[in-house]
Amino acid sequence: MRALVVTAVAAEADSVVTGLTPHPDAFGPEPRTLPGGYLVARRDLPGIAFDVLVGGVGPAAAAAGTATALAVGSYALVVSAGIGGGFQPAAPPGSLVVADAIVAADLGAETPDGFLDVGALGFGHSVHLPPAELAARAAEATGALLAPVLTVSTVTGSAARTAELAARHPMAGAEAMEGFGVAEAAAAHGLPVLEIRAVSNAVGPRDRAAWRIGDALAALADGFRALGPVLANWGERHEHR
């Protein structure tokens, strides 16, 4: 089985690669460059190979990078991974969230009666659902919260926006900027998608002094250290169905 892992920035990709490297002194092949300049690192584990792509920040960049990789490679699964904000108190900084739904939380229209997503507007859909069994097993193996992850184009930075999102998505565990874009590209190729987020900060008023990016990147590496065997097992059973 071969899986594509898509991150926004190099620091996230480095954490994923660290988690997928069995021994600290092990070296994988040199990263390769895809059309468009996208960098991809490869790591092989028993039963599964991972390509780790730096796709760019935001849903549009993530969709473009993912689609590029899927056009030139053959994969069985796509994973959106990185750091993000956690909804309190369910997802404190340093914890992990695995998505049971990937939601485009600000794709739609404002109306006098409130927000309407693109589905309500009749222009498509705003939710992708990862395979339920895979998401549950991934959350169990990594100690993550299993909850919806919201994709936003503008990161939340106020109490008012936090309250608005929480009211519309009361079960949400985290927000980030790429998951829905990755999921759209995966769906276009008929592939399942998973999303895992390491929480670097609380969703709420912007407070850079409270960010724990280092802890989140370390948690992301630990998460992928536990996730590799789960995905390999899922891929083996999936291929024999």
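Residues numbered from 1 in each chain as written. Predicted model: local features only at pLDDT ≥ 70, side-chain atom pairs only at ≥ 80, totals over all residues. Heavy atoms only, no water.

A. Region of interest: the overall build of the chain. Helix and strand counts for the chain come out as seven helices and 12 strands. A compact globule built from 241 residues should have a C-alpha radius of gyration of about 18 Å, and the chain, at 17 Å, falls within 12% of that. In terms of principal-axis extent, the alpha carbons of the chain reach across some 55 × 40 × 35 Å. Within the chain, contacts between residues separated by at least 24 positions form 78% of all contacts whose residues are at least 6 apart in sequence. About 10,600 Å² of surface is accessible on the chain, with carbon and sulfur atoms providing 59% of the total. (Helix = DSSP H or I, 4+ residues; strand = E, 2+ residues; numbered from the N terminus. Rg over C-alpha atoms; globule rule 2.2 N^0.38 Å. Contact = heavy atoms within 4.5 Å. Areas by Shrake-Rupley, 256 points an atom, 1.4 Å probe, with all protein chains shown as cover.)

B. Structural detail: unusual backbone geometry. For the bond running from Gln88 to Pro89, omega is 5°, close enough to zero to count as cis. The topology assignment puts Pro89 in the loop between strand E5 (77–86) and strand E6 (96–104).

C. Broad picture of the side chain of Ser200. Relative to the elements of secondary structure, Ser200 occurs in strand E12 (residues 193–202). A polar contact is formed between the side chain of Ser200 and the side chain of Asn201, at a distance of 2.8 Å. Non-local contacts of Ser200, meaning those with residues more than four positions away in its chain, are made with Ile83, Gly84, Pro93, Ala210, Trp211, Arg212, Ile213 and Ala216. (Polar contact = N/O pair within 3.5 Å; in protein donor to acceptor, adjacent residues only side chain to side chain.)

D. Representation of a nonpolar patch on the surface within the structure. On the surface, a nonpolar cluster with roughly 290 Å² of combined accessible area is contributed by Leu116, Leu121 and Phe123. Tracing the backbone through its elements, the reader meets Leu121 in helix H3 (residues 118–121). (Patch = residues over 30% accessible without salt bridge, like charges linked within 9 Å, V, L, I, M, F, W, Y side chains within 5 Å. Salt bridge = Lys/Arg side-chain N within 4 Å of Asp/Glu carboxyl O.)

E. Inspection of the environment of Asp106 at higher detail. Assignment of secondary structure puts Asp106 in the loop between E6 and strand E7 (108–111). Spatially, the C-alpha atoms of Asp106 and Thr154 are 8.4 Å apart, while their sequence positions differ by 48 residues. In contact with Asp106, not counting residues within four places along its chain, are Phe115, Thr151, Val152, Ser153, Thr154 and Arg161. Side-chain polar atoms of Asp106 contact the backbone nitrogen of Ser153, separated by 2.9 Å.

F. How the structure looks around the pattern of salt bridges. One pass over the structure, following the stated rule, counts 10 salt bridges. In this structure, Arg2 engages Asp51 in a salt bridge whose closest nitrogen and oxygen atoms are separated by 2.5 Å. Highlighted residues: Arg2 in strand E1 (residues 2–7) and Asp51 in strand E4 (residues 48–54), separated in sequence by 49 residues. Note on Asp51: relative accessible area 0%, which makes it buried. With a shortest N-O distance of 3.0 Å, Glu133 and Arg137 are connected by a salt bridge. One end of the pair is Glu133 and the other is Arg137, both in helix H4 (residues 132–142) and four residues apart, which spans about a single turn. A residue is classified by how much of its surface remains accessible, and Glu133, at 34% relative accessible area, is partly exposed. A cluster of three or more residues bridged by salt bridges with shared partners is formed by Arg2, Arg32 and Asp51. (Buried < 20%, exposed > 50% of the residue type's maximum accessible area, 1.4 Å probe, protein only.)

G. Looking closely at helix H2 (residues 59–72). The terminal C-alpha atoms of H2 lie 20 Å apart, and with 14 residues this matches the ideal 20 Å at 1.5 Å per residue to within 8%. Among the residues making up H2, those that are buried are Ala62, Gly65, Thr66, Ala69 and Leu70. Buried residues along H2 cover an arc of 130° about the axis, so they all sit on one side. In H2, those exposed residues whose orientation departs by more than 90 degrees from the buried face are Ala60, Ala71 and Val72. Its buried side turned inward, H2 meets E1, E4, E5 and helix H6 (179–188). (Expected span 1.5 Å × (residues − 1). Arc of directions from axis to C-beta.)

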